[in-house]
Amino acid sequence: MKLYLIRHGQTDWNVAGKIQGSTDIPLNDMGRRQAACLARGMEKRPVEKVFTSTLSRAYETGLAIGKSQNVPVERLEGLEEVGYGVWEGMTMEEIQEQYPKELELWYNSPVDVAPPEGESQVQVYDRCGRALETILAKAQGDVAIVSHGATVVFLLEHLLKDTRKDEDEDIIVGNASISTIEYDPETRVFRLARLNDQEHLKGL
C-alpha cells in the first residue's frame, strides 16, 4: 500500500510570507494551476480515495485529484495546519517585532510551548497520529492525503518515527509536492520512497 502525502497548492498568503495556520485561505490562480498539474501527475499513481484537511486550500487541491481519478474525497479533522493563534496573518518579521518574548520561548521549546492561542508540537503530533489511524483503518488500497506544509512534516515524522534519526535533515515540502510512503499492513512498517516530488510542476 502507498500513502501519498501532498501539500496544498499556493495561496496569496504563501506568496506574502504570512503565517496561515488554521485560517481558511483559498488557493490563488497559481495554486489552482498547481493543483491541475498535480492531478495529472497523480494519474500514474492511482488511488482509491483522497483524504484532505478541512481547510479549503487543501480540499480544493484534493478535489482536483478526486475528479481526475473519479474517486471520493473526504475531509478529515486532524489534518489541518498547525494552529498559530494570534500570529496567523503575520509575517515572521511582524511576529518578531510584536511578540519577541513569546517567539523566543517558542523557538527554544516548540515541542511544549505554543504560540499565543495556538498549538504546541505535542498537540499537533497527537492529532496527526489519530488522523493517520483513521485513514489506515478505512484504507483498502493506495490513498492520497492532502494537508499543509508543517502538518505533512508531522505526518511524515509520525510514520517514519522508527526509521528517522535525530540527526536527519529537517524535512521541507513545497506547494503541491508529493511524498510517497510505502506501507506493509502486515508488519506495519513504513518506508519513505520519495520526498517532495515536484516533477509534475515543471513548466509552470
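Above this text you will find the structure in question.
A brief look at the structure comes next. (Residues numbered from 1 in each chain as written. Predicted model: local features only at pLDDT ≥ 70, side-chain atom pairs only at ≥ 80, totals over all residues. Heavy atoms only, no water.)

**A look at the nonpolar core**
Just so we agree on the cut-off: By convention a nonpolar core is built from buried Ala, Val, Leu, Ile, Met, Phe, Trp, Tyr and Cys residues, the set being connected through side-chain atoms within 4.5 Å. The rule is simple: take the accessible area with a 1.4 Å probe, protein chains only, and divide by the maximum for that residue type; under 20% is buried, over 50% is exposed, in between is partly exposed. Any pair of residues with heavy atoms lying within 4.5 Å of one another is described as a contacting pair.
L3, L5, L79, I145 and F190 are the most contacted members of the largest nonpolar core, which totals 34 residues. Discounting residues that sit within four places of it in the chain, L3 has contacts with L136, V143, L159, S179, T180, I181 and F190. One finds L38, M42, V50 and I65 within the second-largest nonpolar core, a separate group that totals 12 residues.

**Considerations on the pattern of salt bridges**
The following threshold applies: Each reported salt bridge corresponds to a side-chain nitrogen of Lys or Arg within 4 Å of a carboxyl oxygen of Asp or Glu. Numbered from the N terminus, helices here are DSSP runs of H or I no shorter than four residues, and strands are runs of E no shorter than two.
Within the structure shown, the criterion is met by 10 salt bridges. With its nearest N and O atoms 3.9 Å apart, the salt bridge here joins R32 to E60. Within this pair, whereas R32 is found in helix α2 (residues 29-41), its partner E60 is found in helix α3 (residues 56-69), the two being separated by 28 residues in sequence. When its relative accessible area of 37% is taken as the criterion, R32 is described as partly exposed. On the accessibility criterion, E60 (27% relative accessible area) is partly exposed.

**Things to note about the side chain of R45**
Note the threshold: In protein, a polar contact requires one atom able to donate a hydrogen and another able to accept it; more generally it is a pair of N or O atoms within 3.5 Å, and residues adjacent in sequence count only if both atoms are side-chain atoms.
Within the secondary structure layout, R45 lies in the loop between α2 and β2 (49-52). What makes R45 buried here is its relative accessible area of 11%. A polar atom in the side chain of R45 sits 2.7 Å from the backbone oxygen of G41. In this view, R45 contacts Y4, Q69, I178 and D197; residues no more than four positions away in its chain are not counted.

**With respect to unusual backbone geometry**
Both trends apply: most residues other than glycine have a negative phi, and most peptide bonds are in trans. You will see that A176, though not glycine, has its phi angle at about 60°, which is positive. Mapped onto the elements of the fold, A176 is located in the loop between α7 (149-159) and β5 (178-184). Classification of A176 by relative accessible area gives buried; the value is 0%. Phi is positive for N196, which is not a glycine, with a value near 55°. Relative to the assigned elements, N196 resides in strand β6 (residues 189-197).

**Looking at the pairing of β5**
Cut-off, in case you're wondering: Only strands that DSSP links by at least two bridges are regarded as paired with each other.
Counted residue by residue, β5 has 5 buried out of 7 residues, so it is predominantly covered. With 5 bridges joining them, strand β1 (residues 2-7) and β5 adopt antiparallel strand pairing. In the strand pairing of β5, I6 is matched with I178. The pairing of β5 with β6 spans 6 bridges and is antiparallel. Within the sheet, the bridge partner assigned to T180 lies in β6 and is R194. Between β5 and β6, which pair antiparallel and follow one another directly, the connecting turn spans 4 residues, one of which, R188, has a positive phi of 55°.

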